[in-house]
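Residue strings, one per chain:
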Amino acid sequence: MQATDTGRAVYWGTGRRKSSVARVRLVPGTGKLTINGKDGDLYLQYNQGYLSAAKSPLETLGLENDYDILVNASGGGLTGQAESIRLGVARALCELNPDNRKPLKTEGYLTRDPRATERKKYGLRKARKAPQYSKR
């Protein structure tokens, strides 16, 4: 936790997913989502799946109208960024109150998804796709 120049408490959390990184700040407010200086609805293209994923940790704890979410997201696409925001929000909520950890853990919001793109191997066209085999 850190106090800003206005004296409000700020809680930080970092979320990662694939190549996306989201640095999340929770500030007491009205439940507004701001990503990279834009309104969250506009940034996530009004996609309800992305918006609900980003705000789901707050909804689990019933705090969706108590904190503003300020995000600096980079890398990857919208799906990866939305899921990295979810992890960052969950981690910030654990910093806010350690009692929040148990309900967030049971929902799976504190687990970092380890899946990432597999590297391409030499002799293959992609990570696993081989050239066509010809017997004769």
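The model shown is predicted, which means the values in this text are computed figures rather than measured ones.

### Looking at the side chain of asparagine 100
Tracing the backbone shows asparagine 100 in the loop between helix H3 (78-96) and helix H4 (101-107). Asparagine 100 has contacts with Leu61 and Leu93, leaving out every residue within four places of it along the chain.

### Remarks on the pairing of strand S3 (residues 20-28)
Taken together, the seven bridges between strand S2 (residues 9-17) and S3 define a ladder with antiparallel strand orientation. Considered in S3, the bridge of arginine 17 is made with serine 20. Between the end of S2 and the start of S3, which pair antiparallel, lie two residues, with lysine 18 showing a positive phi angle near 50°. Bridge count between S3 and strand S6 (residues 67-74): eight bridges; the pairing is antiparallel. Looking across to S6, one finds that valine 27 is bridged to aspartate 68.

Thresholds, definitions, all that
Residues numbered from 1 in each chain as written. Predicted model: local features only at pLDDT ≥ 70, side-chain atom pairs only at ≥ 80, totals over all residues. Heavy atoms only, no water. Helix = DSSP H or I, 4+ residues; strand = E, 2+ residues; numbered from the N terminus. Contact = heavy atoms within 4.5 Å. Pairing = 2+ DSSP bridges.

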